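Read off the chains here:
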Amino acid sequence: MLIRYKKDLEKIAMGLLSFMPDEKDVRKLQETIQAYETNEAWHLYLWREEDVLGAIGLRIEDDTHAIIQHISVNPSHRNQGIGKKMLDGIVKKYAKKYELAADELLNDFFEKYKLFIDEQKTENE
Ligand code: COA
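The rules behind each value
- Residues numbered from 1 in each chain as written.
- Predicted model: local features only at pLDDT ≥ 70, side-chain atom pairs only at ≥ 80, totals over all residues.
- Heavy atoms only, no water.
- 1 Å grid on protein atoms, 1.4 Å probe; cavity = no way out; pocket = protein on both sides within 12 Å on 5 of 7 lines; lining within 4 Å.
- Points joined across faces, edges and corners; volume = space filled by probe spheres on them.
- Helix = DSSP H or I, 4+ residues; strand = E, 2+ residues; numbered from the N terminus.
- Nonpolar A, V, L, I, M, F, W, Y, C, P; charged D, E, K, R; others polar.
- Near = heavy atom within 4 Å.
- Polar contact = N/O pair within 3.5 Å; in protein donor to acceptor, adjacent residues only side chain to side chain.
- Areas by Shrake-Rupley, 256 points an atom, 1.4 Å probe, with all protein chains shown as cover.
- Sits in = over half its atoms within 2 Å of the grid points.
- Salt bridge = Lys/Arg side-chain N within 4 Å of Asp/Glu carboxyl O.
- Buried < 20%, exposed > 50% of the residue type's maximum accessible area, 1.4 Å probe, protein only.

**Structural notes on the layout of surface pockets**
Logical step 1: Here the largest pocket defines a volume of roughly 410 Å³.
Logical step 2: Among the secondary structure elements, those contributing two or more residues to the lining of the largest pocket are strand S4 (65-73) and helix H3 (82-94).
Logical step 3: The residue makeup of the lining of the largest pocket, split by class, is nine nonpolar, six polar and two charged.
Logical step 4: Taken as a whole, the second largest pocket holds about 240 Å³ of empty space.

Rendered as structure tokens:
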């Protein structure tokens, strides 16, 4: 399930975000996590099963737009659908109020997710 980031999960969240290609530098990573802690427009969520296995973050741009800007899954648990489930959770939480887009790094994965959802809808029709 998707849970809201809180300070006592900082280490695990930083570990997960460090898999993002643009979060390899420790100082950048610290700035990013601080932004999620202090900037009201930035929202970070973690995917928890028995352990915390993924992270997904978005920023609210204005009253109608939000950008998904980080997504990462523990390498030992990839290709099991967790990335898609996290996107699903964010879509369910935010898509009523905001038009959601992905930033450049996430764009291909977000497009793939949308195709996957469309295919599922077609199968259920
Ligand atoms: N772009 C497009 N598709 C991607 C992708 C990417 N960057 N990364 C993985 N995929 C595809 C896989 O090839 C797989 O495709 P298939 O279903 O056709 O076999 C599918 O996404 C797997 O989906 P899912 O199991 O839901 O994803 P995941 O739990 O493995 O998580 C990421 C996907 C991207 C979050 C994970 O690979 C990760 O943490 N990568 C490192 C962080 C990163 O680079 N994030 C930014 C890029 S999105």
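**Regarding the site of the ligand**
Logical step 1: Lining the immediate surroundings of the ligand are 17 residues, of which Val73, Asn79, Gly81, Gly83 and Lys84 lie closest.
Logical step 2: One nitrogen or oxygen atom from the main chain of Ile71 is found 3.0 Å from a nitrogen atom belonging to the ligand.
Logical step 3: Between the ligand and Gln80 there is a distance of 3.2 Å, counted from an oxygen atom to a backbone nitrogen or oxygen.
Logical step 4: Considering the ligand on its own, with 860 Å² of exposed area, one finds that the protein chains cover 70% of that surface.
Logical step 5: Here the ligand occupies the largest pocket.
Logical step 6: The set of elements that each furnish at least two residues to the shell around the ligand consists of S4, H3 and helix H4 (107-124).

**Quick notes on the pattern of salt bridges**
Logical step 1: Within the structure shown, the criterion is met by five salt bridges.
Logical step 2: Residues Glu10 and Lys7 are paired through a salt bridge, measuring 3.3 Å at the closest nitrogen-oxygen approach.
Logical step 3: Look at Glu10 and you get partly exposed, because its relative accessible area is 22%.
Logical step 4: Residue Lys7 is classed as exposed on the basis of its relative accessible area, which comes to 52%.

Function cannot be inferred from these measures alone, as they are strictly geometric.
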